[in-house]
Amino acid sequence: MSNRLDSALKTLYQGFYGGNLHPEDACRCAVGTLTGGWSAWKHFSDFHGSESLNYVGKVHEGLGRRYAGYLPSELLRIEAAFLSGCGYQLPLDHKSVRPEDPQDTQVIYNGLLAAIGELCRLDGVPDLVPHTKTLERIFAARQLQTA
């Protein structure tokens, strides 16, 4: 496992278990969390959830800039996976289908699993299914504790 993948997984897990992930907040979404609350990443595309780089994104990509180890195009893929996993129709606009409660733990959890899958694809490693099964058991236990 690469250092960037390991770091990204730890950061997203901490964000999830700390209750800090929010799909509609550029500082607390998957990429906002990965980049330490840096919201300027959203200027790499014209639409939230789009995987298409705009001029600004292409310039940063062309310069080889990386944020939390990821190129701008990779950040957009991670965010799109997270939002799609949360149940959003992409790219987002005022007519897009959205989850009823974007802060629902199950919604965020589904997005987390989708983001993890994309992180694994980006690094060319198999999806972390055994780890996600462990996460599901932890999630179920956490739900019982809060009930």
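About the thresholds
Residues numbered from 1 in each chain as written. Predicted model: local features only at pLDDT ≥ 70, side-chain atom pairs only at ≥ 80, totals over all residues. Heavy atoms only, no water. pLDDT = per-residue confidence, 0-100. Helix = DSSP H or I, 4+ residues; strand = E, 2+ residues; numbered from the N terminus. Patch = residues over 30% accessible without salt bridge, like charges linked within 9 Å, V, L, I, M, F, W, Y side chains within 5 Å. Areas by Shrake-Rupley, 256 points an atom, 1.4 Å probe, with all protein chains shown as cover. Salt bridge = Lys/Arg side-chain N within 4 Å of Asp/Glu carboxyl O. Buried < 20%, exposed > 50% of the residue type's maximum accessible area, 1.4 Å probe, protein only. Axes fitted to C-alpha atoms, helices over the stretch in contact; angles between N-to-C directions. Parallel < 35°, antiparallel > 145°, perpendicular 65-115°, else oblique. Contact = heavy atoms within 4.5 Å. Nonpolar A, V, L, I, M, F, W, Y, C, P; charged D, E, K, R; others polar.

> Would you explain the confidence of the model for the chain in this entry?
A low pLDDT score tells you not to read the predicted coordinates there in detail. For the chain, per-residue confidence averages 91 on the pLDDT scale, and 86% of positions sit at 70 or higher. Within the chain, the lowest mean pLDDT, 63, falls on helix 6 (residues 129-146), and the highest, 98, falls on helix 3 (residues 55-62).

> Got a minute to help me understand a nonpolar patch on the surface in this structure?
Judged by side-chain polarity, Tyr55, Val56, Val59 and Leu63 come together as a nonpolar surface patch covering roughly 400 Å² of accessible area. For tyrosine 55, a relative accessible area of 66% puts it in the exposed group.

> Any chance you could explain the packing of helix 1 (residues 3-17) against helix 5 (residues 105-122) here in plain terms?
What describes two packed helices is the angle between their axes and the distance between those same axes. Contact geometry for helix 1 and helix 5: axes closest at 11 Å, N-to-C directions at 175 degrees. When the axes of helix 1 and helix 5 are compared, the pair comes out roughly antiparallel. For the pair helix 1 and helix 5, contact is made by Arg4, Leu5, Ala8, Leu9, Leu12, Tyr13 and Phe16 and by Thr105, Ile108, Tyr109, Leu112, Ala115, Ile116, Leu119, Cys120 and Leu122, respectively. The residue inventory of the contact of helix 1 with helix 5, partitioned by class, reads 14 nonpolar, one polar and one charged.

> Just checking my understanding: could you explain unusual backbone geometry for this structure?
Note: most residues except glycine have negative phi, and most peptide bonds are trans. Cis geometry marks the peptide bond from leucine 90 to proline 91; its omega dihedral reads -10 degrees. Along the chain, proline 91 turns up in the loop between helix 4 (72-86) and helix 5. The backbone of alanine 68 sits at a positive phi, close to 55 degrees, despite the residue not being glycine. Among the structural elements, alanine 68 can be located in the loop between helix 3 and helix 4.

> Just checking my understanding: could you explain the pattern of salt bridges for this structure?
Pairs can form between side chains of opposite charge once their charged atoms are near each other. Evaluated as defined, the whole model comprises eight salt bridges. Here glutamate 74 ties to arginine 4 by a salt bridge, and the two come within 3.0 Å at their closest N and O atoms. Note that glutamate 74 is positioned in helix 4 and arginine 4 in helix 1, a separation of 70 residues in sequence. Taken individually, glutamate 74 and arginine 4 each receive the classification buried, so the pair is uniform in this respect. Salt-bridge contacts for arginine 98 lead to glutamate 24; the nearest nitrogen and oxygen are separated by 3.5 Å. Taken together, the residues span a long stretch of sequence, with arginine 98 in the loop between helix 4 and helix 5 and glutamate 24 in the loop between helix 1 and helix 2 (30-34) at a distance of 74 residues. For arginine 98, a relative accessible area of 37% gives the class partly exposed. One network of salt bridges, in which partners are shared, links Arg4, Arg66, Glu74 and Asp123.

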